[in-house]
Amino acid sequence: MTTTFPEGFLWGGATAANQIEGAYNEGGKGLSIQDVMPKGITEIPTEGPTPENLKQVAIDFYHRYAEDIALFADMGFKVFRFSIAWSRIFPLGDEETPSAEGLAFYSRVLDELEKHGIEPLVTISHYETPLHLARKYNGWTNRELIGFYERYCSALFEHFGGRVKYWLTFNEINSVIHEPFMSGGIPTPKDQLTKQDLYQAIHHELVASARASKLARELMPGAQVGCMILALPTYPLTPDPSDVVAAMLTAQDSYAFGDIHCRGEYPGYLLRYFRDNGIELEITAQDREDLKNTVDFVSFSYYMSICETADPAKKTKGPGNIMGGVPNPTLKASEWGWQIDPQGLRVALNDYWDRWQKPLFIVENGLGAVDKLVEVDGEKTVVDDYRIGYLNDHLVQAREAVADGVQLMGYTSWGCIDLVSASTAQMSKRYGFIYVDRNDDGTGSMERYPKKSYGWYKEVIATNGASL
Ligand code: BG6
């Protein structure tokens, strides 16, 4: 008998404020780092906002949230993951009091979700640090950000505590190693950022995350706080033991974040890395106490696996290996070079469950692809069998992991409605079940059209995965 998904499994979709909301300067919102990233991570940030930045309008969720949430409800979503834009609540980031207008917007979004019986899953910080905190404090390298983040969390927990049960502290917290500006709000160019400063910034984020867990327990009994990790299962390129060790060391770059969130202290291999690289972090006695506030669950994104090798001659970089690693010669890739490995999801789920023994939540997974709007039976749609195939294959592997004994809380596919890509800032890299008529040059009617995958996912949810 095939094991099915557990009862009450949280099926849904995921987004982030800066990729859907638009209204970048409305409602009292301050600027965020995304407002100076018109080309995502492919070019250096601009001085100020520029009109070619698609995120200024994005898919106009700020004004169309009711319509979009109604579509999610029609698909049968049990949960909707979205982020709160920090700069809507604290426009500069270092103010004393939150913006009433910013809080009111998310209250309206929550009203709409409640109307449809959809559980919110809120990311507190998703690649959208207030620009002022980046420019004035050099982002998370500065210890003061812990206090600003804590004040932001207090405002959210006090206002929404009774309405939001599931919280994620930092989106893909481990990505700061490769993307210090987008992930850590650190403007120092990558090649000039010392390991010392990078790991001090990481330490500040980890303490802030632990303090959020502590605060959540005090202010919102019954709430659950999770960390969020970019999962990158790392295989040795060959069976050569040197490659196995190389893969182990690369995997530890990401494991460290989960280990600290789940065990409440630094793992030995990371302390060794600090010693070997002359890194001496400022860690106070209070920090050590704070870190003991571990998470309730571990959430993660999964798009691809990577290989690793000890042989410098084989250390090639594929176009999709934006977080490092070597392409896997056995796998095919998406149009953006992201290698497709459904079984890697089962590997990650088993690995994380064995390692941390905390409930897991897949909060991102999906295929970025070019879609073509066509007419079928007089209705505009996209025949996205490639996306259905991708998602189906991954969900089958998630189901295998559940059969393996992994405790899995839910699955929110990335970009359940088309949105602006994070890495390339394009509209044409689409993930959604719902097509949004907007193009890379900013033209388009903004109309929403269900794709073929919309009906497919509706069926998956209705049958709790039996239709896979
Ligand atoms: C994750 C991010 O890295 O991947 C999302 O959390 C992002 O914000 C998603 O959109 C897909 O990446 P991209 O670059 O295709 O948008």
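Every value quoted in this text rests on a predicted model; they were computed, and no experiment measured them.

A. Just the sheet that holds strand E7 (residues 297-302), in detail. Strand order around the closed barrel formed by 8 strands is E1-E2-E3-E4-E5-E7-E9-E12, with parallel pairing between neighbours. Neighbour-to-neighbour, the strand axes of the sheet open up by a mean angle of 25°, direction not taken into account. When strand E1 (residues 10-14) meets strand E2 (residues 79-83), the two strands line up parallel, connected through 3 bridges. Residue pairing across strands places Gly13 opposite Phe80, the latter belonging to E2.

B. Up close: the environment of Ala285. Residue placement: Ala285 occurs in helix H11 (residues 285-291). Of the residues examined, Ala285 has 7 C-beta atoms within 10 Å and is grouped as exposed. As a C-alpha pair, Ala285 and Pro267 span 18 residues in sequence and 17 Å in three-dimensional space.

C. Local environment of the packing of helix H13 (residues 385-403) against helix H14 (residues 452-462). One way to put it is that H13 packs onto H14 with a least axis distance of 9 Å and a crossing angle of 25°. Relative to H14, the element H13 lies roughly parallel. As for the relative orientation of H13 and H14, their crossing is right-handed in sense. Across the interface between the two elements, Asp385, Arg387, Ile388 and Leu395 from H13 touch Lys452, Ser453, Trp456 and Val460 from H14. Grouping the constituent residues of the contact of H13 with H14 by class yields 4 nonpolar, 1 polar and 3 charged.

D. Examining the environment of Gly139 more closely. The topology assignment puts Gly139 in the loop between helix H5 (131-137) and helix H6 (144-160). For Gly139, a count of 26 C-beta atoms within 10 Å puts it in the buried group. Separated by 41 residues in the primary sequence, Gly139 and Pro180 place their C-alpha atoms 9.0 Å from one another. Beyond its immediate sequence surroundings of up to four residues, Gly139 is in contact with Thr129, Leu133, Ala134, Leu145, Gly184, Gly185, Ile186, Pro187 and Ala201.

E. Geometry of helix H4 (residues 100-115). An ideal rise of 1.5 Å per residue puts 22 Å on 16 residues; H4 measures up with 22 Å between its terminal C-alpha atoms. Looking at H4, one finds that the buried residues are Gly102, Phe105, Tyr106, Val109 and Leu113. Along the axis of H4, the buried residues cluster in a sector spanning 85°; they form a single face. Summarising the geometry of H4, the exposed residues directed more than 90 degrees from the buried face are Ala100, Arg108, Glu114 and Lys115. Once H4 finishes, Gly117 follows within two positions and takes phi at roughly 70°, a positive value.

F. Layout of the UniProt feature "active site" (unreviewed entry) in the protein. When the UniProt feature table is mapped onto this chain numbering, "active site" (unreviewed entry) sits at Glu364. With respect to the secondary-structure elements, Glu364 resides in strand E9 (residues 360-364). Judged by local crowding, Glu364 falls into the buried class, with 25 C-beta atoms found within 10 Å. Leaving out residues up to four positions away in the same chain, Glu364 has contacts with Ala14, Ser301, Tyr302 and Trp414.

Calculation criteria
- Residues numbered from 1 in each chain as written.
- Predicted model: local features only at pLDDT ≥ 70, side-chain atom pairs only at ≥ 80, totals over all residues.
- Pairing = 2+ DSSP bridges.
- Helix = DSSP H or I, 4+ residues; strand = E, 2+ residues; numbered from the N terminus.
- Axes fitted to C-alpha atoms, helices over the stretch in contact; angles between N-to-C directions.
- Buried ≥ 20, exposed ≤ 12 C-beta atoms within 10 Å, placed from the backbone.
- Parallel < 35°, antiparallel > 145°, perpendicular 65-115°, else oblique.
- Left-handed = near helix turned anticlockwise from the far one by under 90°.
- Contact = placed C-beta atoms within 7 Å.
- Nonpolar A, V, L, I, M, F, W, Y, C, P; charged D, E, K, R; others polar.
- Expected span 1.5 Å × (residues − 1).
- Arc of directions from axis to C-beta.
- UniProt positions renumbered as here; feature names shortened; annotations may be inferred.

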